Amino acid sequence: MLLSHLHFLSSVSTDFPGMKDGLALLKVWLNQRQLSKGLGCFSGFLVSMLVAYLVMKRKIVKVMSGYQVLRNVLQFLATTDLSMTGISLAKDTDTCLPTLDDFHHAFEVVFVDPSGLVNLCADMTASKYHQVQFEAKYSMEILDDRMVDGFQALLMTSKPMLRTFDHVFHLKHVSKLQSACKKMQLLNELMDRGGNYVAAALPFIVSLLTRGLARRALLVAHSLPETPEWPVDTEPPKHKDVGSLMFGILFVPEFAASTLEKGPQADRPEAADFRTFWGEKSELRRFQDGSICEAVVWEASTICQKRLIPEQIVRHLLKLHADIPESSICYTGALLESVIKNGKEALGTGEEDMVSVVCSYDDLSRKLWNLEGLPLTVTAVQGVHPALRYTDVFPPIPMKPIYSFHKQVKTRHLLLPSEEKPCPAYITPLKIICHMEGSGQWPQDKEAIKRIKAAFHLQLAELLQQQHQLICRPAVTHTDVYKDGYVFRLQVAYHREPLILKEVVTPEGMLKYQDTEESQQLELETLHQPYLTSSLHGSPQVGFLRFLNLLATYDWRNSPLIVNLNAGLTDADCTEIKNKFVAARSRLPVMFIATPKDKWNSIWTQERPSAQILQRLLVLASESVRALEEQLMDPLSSQDVKIVFRPPLDLYDVLIHLNSNQIPRHLERVDRPVKSFSRGVVKNSAGAKILFPVVDYDPVQCYLQDLRVIGLTRSVDSEALFH
Amino acid sequence: MAASEPRVAVTAPPGYTALEVKFGARQRSPHCLLVKEHRVREGPGDTHPPQRTLFVLNVPPYCSPDALSRLFARCGAVQSVDLRDKPGPGEKAEKRTSKFFTNRTATGFRVAYVVFRKPAGVQAAKALSQKGPLLISTESHPVKTGISKWIARYADSVVDREELKAEVDAYMQDYDKKIEEEEAKAAKEEGVPDEEGWVKVTRKGRKPGLPRTEAANLRVLEREKRKKARKELLNFYAWQHRETKREHIAQLRKKFEEDKQRIALMRAQRKFRPY
């Protein structure tokens, strides 16, 4: 039979030079997505037969090139469904051959060979085929998108399961599938497979999980079991020697974390099905619209717990229907989140804190807009601090200072850190920019503008105190406001100021505009930073892995990184950016990032990183990816993900150890320290009539700054790096 | 380096004498200040007169002008001490240094000009190196470092509202007065010719001119170019036909060469190793 297949394929490939190239491309494509090896894989042979089928159906013509072959095959895979309507290479003349319907009863995916009797996809599960379909659809979209480099994305980037799926879990003890077969009554299928319980049980387990995660998951996929090689003179390996099975789930973002599974109404016959499926978790509940339905409610209070609801579902279903105990399942969906958990209880990852910060910020900005008595109104209020765009690692919590812990200067109503006690808790100022309306009354001289801004800060402090009873502390460049236990730092901005800073009068008396360092700094702070709003799609762990992978594998030297925020760049813009980049490469910074507001200059990376630091970064990223994937892929290992976050200390010449009672952010270390100090604040409470707490006082940063300045002025030839 | 060891001769760059100073009595290894006579003449109104000025290099950040003047007071009466980041000519005392609005950058190692009342002070300073290391922070005038320094810095950063308000108001009054004077002067000179008979064209008045900026200039040039292009006949003469065709072909050839180079570059850089 192999011989007949070989003859068939060679007859198709005569006079078809593009077929070889196309098949090579397709094999690379499959291999990058780990689809072409193992039991029930979409192998290279299958792809060749598929191309032969398309030639037969005249979808592919023999004069096509390799790229066109690739495109047509992907198109075919994306648009047809072989698990519903199979295809056949046999000619329809012989009536004693089994029909396609017969094949569909026996197998999940049907692709019949030229003889009409063999299903080439006999071992393939429907879920694996759906995964191939999904990838093909996505690849077609990438090929059609002119802004993305299709070659790089399709063929050069590998997509292992850890980076493709939001949550991944391992089934450690494959031998438990034997009992699963008994529980799910799969003895017939077991016989069909010659006693291979792994292959027999796998499709049913996957369909069980797909049904349980119906609304939440776009795709549930599994790894393909590969039998290891064995020497000729020993026994062949047993079925359980394929190692652990890995399953991946890709979520629909809106429903993935919902705590309710609503079933049919109680009096319908489907309700009984629902109850048997979910077991004792299903309860009768009454809803707001008056209906009484079967429902399953999952317990989760914080956002990070809600993200793990699919884990609860998976464990419950596998236990109930397949007798697989919880100890056999190793779920890796949220291992990295232990790094950002703060607090002794370690319940949340800070997301709820950020939401409350944003609420407080919204309230403050409303108050600012409605403030009466200002000579010019506030046109816009924009937050610049990372906590206000949900990206702060350890967001601030409301705090109230304890007076006895500090030194009080009564005459100035001032609280100072005391030298004898440990340093007070770090209160980060949440920076906000207030844009004032432009009018003819603003002076056109830069020193005068600075004075006017200072006057505004003073007046804002006074008005906020009078009208809203908020404690404020004005300064020359900003005003600090203590509200709800947080400290907000307001900065006034005038939109014409960067322009005025850029003014240069040439000797002839003509006014020219030239970028100065001061003007660029101001622009960065007031214009560009507030526009950085980000929204993360997918789960955080996958995002982190993909970020590290991008850092490590991107060709920074030869191509610009184009970030199309809010779809602000057109195709023409992209090609222009690329052309200008290639023409001026030696003058541009080492790492070039282009955004819609900043197409030619890459202002964020002008100063840093330097070439050495970039090199170190890339090496670090690739090592981290390797270490993390190793830890996460092996379910039997200790799964210590914190090794990636501990920096290696052996390459530094001098290590300076700091006294931990003067480090205000001591508890934010990667490995939580055992001892902690009371820092003179009451957490999660806000006072109304109190003195202003100590803001932005971090002895570690002061020390670091002093060291860096000394390093700069002292050593010109040796770059001293201080971390 | 224990204090009882015989003092190692410290090498200084040519022309300089090394002066050992220590931060406090407890410190063991001294720091070296490099001193030299200041010889550069800077012109009239010189704040650093060449005979009486000592040029000091490698001044550490914890050494303030007061500490330096106390240090050199034993050589002779000190008239002034000028600390700055880089050596350079002396500047006239500024009219108004505001407490709030100067750009203060963090200080590292600096350079100082110490002006004595008499030239003998300079020679005595050079001879100081023979005596033991001098102390910067003594019991009578301690220098703050570390935590106390940062707490003091934090305390200083809190400004007094009334003071700030007063200064800003004073500045803005001066500024407004200045602007008014300028406008009054400009209004007086409106339309009045100067000594050669030229009248200045300004934005105000009966015939306002264009703003004197680069952007306005470019706009005018652009407009002129467009008008000229409209009047030119490009396809009239036979030689014009030939010229345009030749230029077109040359440009195509140039673009082709560029593209070839770019593709060769891309090909050389491409590393097709997917796995």
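Source: prediction; values computed, not measured. (Residues numbered from 1 in each chain as written. Chains lettered and ligands numbered in written order. Predicted model: local features only at pLDDT ≥ 70, side-chain atom pairs only at ≥ 80, totals over all residues. Heavy atoms only, no water.)

## What about the overall build of chain A?
When helices and strands are counted, chain A shows 22 helices and 22 strands. For chain A, buried positions account for 46% of its 723 residues. Expressed as a percentage of contacts within chain A between residues at least 6 apart in sequence, the contacts between residues at least 24 apart total 69%. (Helix = DSSP H or I, 4+ residues; strand = E, 2+ residues; numbered from the N terminus. Buried < 20%, exposed > 50% of the residue type's maximum accessible area, 1.4 Å probe, protein only. Contact = heavy atoms within 4.5 Å.)

## Topic: the overall build of chain B
Helix and strand counts for chain B stand at 6 helices and 6 strands. The order of α-helices and β-strands along chain B, N terminus first, is β-β-β-α-β-β-α-β-α-α-α-α. Accessible area for chain B stands at about 21,000 Å²; split by element, carbon and sulfur atoms hold 53% of it. (Areas by Shrake-Rupley, 256 points an atom, 1.4 Å probe, with all protein chains shown as cover.)

## With respect to helix H15 (residues 351–369) of chain A
Residues and elements named next belong to chain A. Here H15 spans 27 Å end to end across 19 residues, near enough to the 27 Å set by a 1.5 Å rise per residue. Those residues of H15 that sit buried are Met354, Val357, Val358, Ser360, Tyr361, Leu364, Ser365, Lys367 and Leu368. Looking at the buried residues of H15, the elements they touch are strand S10 (378–383), strand S14 (430–436), helix H16 (446–468), strand S16 (479–483) and strand S17 (486–493). (Expected span 1.5 Å × (residues − 1).)

## Some words on the domain arrangement of chain A
Examined at the domain level, chain A breaks down into domain 1 (1–159), domain 2 (197–259 + 298–333), domain 3 (345–494 + 646–722) and domain 4 (540–644). Using C-alpha coordinates to define each centre, domain 1 of chain A is positioned 34 Å away from domain 4 of chain A. (Domains from an automatic or database assignment.)

## A few points about helix H1 (residues 2–13) of chain A
All names here are of chain A. Over its 12 residues, H1 extends 17 Å from the first C-alpha to the last, a length consistent with the 16 Å expected when each residue adds 1.5 Å. The secondary structure elements touched by the buried residues of H1 are helix H2 (17–32) and helix H3 (44–56). Taken from the residues just after H1, aspartate 15 is the one with a positive phi, measuring 60°.

## Quick look at a positive patch on the surface
Judged by side-chain charge, Arg219(B), Arg223(B), Arg226(B), Lys227(B), Arg230(B) and Lys231(B) come together as a positively charged surface patch. If you trace the backbone, Arg223(B) turns up in helix H5 (residues 214–231). (Patch = residues over 30% accessible without salt bridge, like charges linked within 9 Å, V, L, I, M, F, W, Y side chains within 5 Å. Salt bridge = Lys/Arg side-chain N within 4 Å of Asp/Glu carboxyl O. Lys, Arg positive; Asp, Glu negative; His and termini not counted. Charge placed at Lys NZ, Arg CZ, Asp CG, Glu CD.)

## Examining the pattern of salt bridges
Side chains bearing opposite charge may pair, as long as their charged atoms lie close to each other. Residue and element names in this part refer to chain A. Under the definition given, this model contains 23 salt bridges over all chains. Residues aspartate 323 and lysine 183 are paired through a salt bridge, measuring 3.8 Å at the closest nitrogen-oxygen approach. Pair noted here: aspartate 323 is in the loop between helix H14 (309–322) and strand S9 (329–331) and lysine 183 is in helix H9 (residues 176–183), with a separation of 140 residues, a long-range link. On the accessibility criterion, aspartate 323 (38% relative accessible area) is partly exposed. One network of salt bridges, with partners in common, ties together Asp363, Lys367, Lys483 and Asp484.

## Concerning a nonpolar patch on the surface
Residues Leu233(B), Phe236(B), Tyr237(B) and Trp239(B) make up a contiguous nonpolar surface patch of roughly 500 Å² in combined accessible area. Here Tyr237(B) is to be found in the loop between H5 and helix H6 (238–269).

## Points about the UniProt feature "coiled-coil region" (unreviewed entry) in chain B
Residues and elements named next belong to chain B. The residues that UniProt annotates with the feature "coiled-coil region" (unreviewed entry) are residues 161–192 and 242–269. With 88% helix and 0% strand, residues 161–192 has its two end C-alpha atoms placed 48 Å apart. Within residues 242–269, the helical portion is 100% and the strand portion 0%, while the C-alpha atoms at the span's ends are 41 Å from each other. (UniProt positions renumbered as here; feature names shortened; annotations may be inferred.)

## Quick word on the packing of helix H11 (residues 197–212) of chain A against helix H12 (residues 270–278) of chain A
All names here are of chain A. Taken N-terminus to C-terminus, the directions of H11 and H12 make an angle of 120°; their axes are 12 Å apart at the nearest point. Relative to H12, the crossing made by H11 is left-handed. Together, Leu208, Arg211 and Gly212 of H11 and Asp273, Phe277 and Trp278 of H12 make up the contact between the two elements. Taken together, the residues of the contact of H11 with H12 sort by class into 3 nonpolar, 1 polar and 2 charged. (Axes fitted to C-alpha atoms, helices over the stretch in contact; angles between N-to-C directions. Left-handed = near helix turned anticlockwise from the far one by under 90°. Nonpolar A, V, L, I, M, F, W, Y, C, P; charged D, E, K, R; others polar.)

## Digging into the interface of chain A and chain B
At the interface, 54 residues of chain A touch 40 residues of chain B. Taking both sides of the interface into account, the surface hidden between chain A and chain B amounts to around 4,200 Å²; carbon and sulfur atoms contribute 64%. There are 0 salt bridges connecting chain A and chain B. On the surface where chain A and chain B come into contact, there are 4 residue pairs in polar contact (both at pLDDT 80 or more). Within the residue set of the side of chain A that touches chain B, elements represented by two or more residues are H2, helix H7 (150–156), strand S13 (414–416), H16, strand S15 (471–474), strand S19 (511–513), helix H20 (571–583) and helix H22 (699–714) of chain A. The element that contributes the greatest number of residues to the side of chain A that touches chain B is H16(A), accounting for 10 residues. Its residues assigned to classes, the side of chain A that touches chain B shows 32 nonpolar, 11 polar and 11 charged. (Buried area = accessible area lost by both parts, 1.4 Å probe. Polar contact = N/O pair within 3.5 Å; in protein donor to acceptor, adjacent residues only side chain to side chain.)

## A short note on the sheet that holds strand S5 (residues 245–251) of chain A
Residues and elements named next belong to chain A. Ordered by their spatial adjacency, 4 strands build an open sheet running S4-S5-S3-S9, and the pairing between neighbours is antiparallel. A single partner strand is all that each edge strand has here, and the edge strands are strand S4 (217–222) and S9. Pairs of neighbouring strands in the sheet enclose a mean axial angle of 20°, with direction left out of account. By the bridge criterion, 5 bridges tie S4 to S5 in an arrangement that is antiparallel. Looking at S5, one finds that leucine 219 is bridged to leucine 250. Seen against the sheet, H14 touches strand S3 (167–171), S5 and S9 and runs at an angle of roughly 170° to S9. (Pairing = 2+ DSSP bridges.)

## What about the sheet that holds strand S6 (residues 134–135) of chain B?
All names here are of chain B. In space, the 6 strands of this open sheet follow the order S4-S5-S3-S2-S1-S6, with mixed pairing throughout. Sheet topology places strand S4 (78–84) and S6 at the edges, where each strand pairs with a single neighbour. Pairing geometry for strand S1 (residues 17–22) and S6, over 2 bridges, is parallel. Following the sheet pairing, valine 21 is matched in S6 by leucine 134. The strands touched by helix H1 (residues 65–72) within the sheet are S1, strand S2 (31–37), strand S3 (53–59), S4, strand S5 (110–116) and S6, with S4 carrying the most contacts at an inclination of about 140°.

## Re the confidence of the model for chain A
When the pLDDT values of chain A are averaged, the result is 81; 90% of them are 70 or greater. Across residues 715–720 of chain A the pLDDT falls below 50, and counting only partners more than four positions away or on other chains, this stretch makes 2 contacts in the model. (pLDDT = per-residue confidence, 0-100.)

## Considerations on the packing of aromatic side chains
Residue and element names in this part refer to chain A. What the rule picks out here adds up to 20 aromatic pairs over all chains. Look at phenylalanine 277 and tryptophan 278: their rings are 5.2 Å apart centre to centre, the planes differ by 85°, and that puts the pair in the edge-to-face class. When sorted by exposure, phenylalanine 277 lands in the same class as tryptophan 278, which is buried. A connected cluster of aromatic rings, assembled from ring pairs, spans Phe274, Phe277, Trp278 and Trp298. Over the ring of phenylalanine 277 we find arginine 211; its NZ or CZ atom is 4.1 Å from the centre of that ring. Positioned over the ring face of tryptophan 600 is lysine 580, at 4.2 Å from the centre of the ring. (Phe/Tyr/Trp six-rings, centres within 6.5 Å; stacked < 30°, edge-to-face > 60°. Lys NZ or Arg CZ within 6 Å of the ring centre and 35° of its normal.)

## Comments concerning the side chain of Glu261(A)
Residue and element names in this part refer to chain A. The residue glutamate 261 is located in strand S6 (residues 260–265) in this model. Only 3.0 Å separates the side chain of glutamate 261 from the side chain of arginine 216, close enough to count as a polar contact. Not counting the four nearest positions on each side in its chain, glutamate 261 is found in contact with Gly212, Arg216, Phe274, Trp278, Glu294, Ala295, Val296, Trp298 and Ile313.

## A closer look at the confidence of the model for chain B
As a general rule, the predicted coordinates of low-pLDDT regions are not to be interpreted in detail. Residues and elements named next belong to chain B. Summarising the model, chain B shows a mean pLDDT of 78, and 82% of its residues fall at 70 or more. By mean pLDDT, S6 is the weakest element of chain B at 74, and H5 is the strongest at 90. In the model, residues 1–8 has pLDDT below 50 throughout and makes 5 contacts with residues more than four positions away in sequence or in other chains. Across the predicted assembly, pTM comes out at 0.78 and ipTM at 0.74.

## What about the UniProt feature "domain: Nrap protein" (unreviewed entry) in chain A?
Following the UniProt record, one finds the feature "domain: Nrap protein" (unreviewed entry) at residues 19–157, 162–322, 337–538 and 649–708 of chain A. Structurally, residues 162–322 of chain A is divided into 38% helix and 21% strand, and its ends, taken at the C-alpha atoms, are 25 Å apart.

## Side note on the state of the cysteines
All names here are of chain A. Summed over all chains, the structure comprises 0 disulfides over all chains. Unpaired in this structure, cysteine 359 has its nearest cysteine sulfur neighbour in cysteine 434, at a distance of 19 Å. With relative accessibility at 48%, the residue cysteine 359 sits in the partly exposed group. (Disulfide = S-S within 2.5 Å.)

## Observations concerning the environment of Ile452(A)
If you trace the backbone, Ile452(A) turns up in helix H16. When the C-alpha positions of Ile452(A) and Val110(A) are compared, they lie 77 Å apart, and in sequence the two are 342 residues distant. Setting aside its immediate chain neighbours within four residues, Ile452(A) contacts Trp442(A), Pro443(A) and Met172(B).

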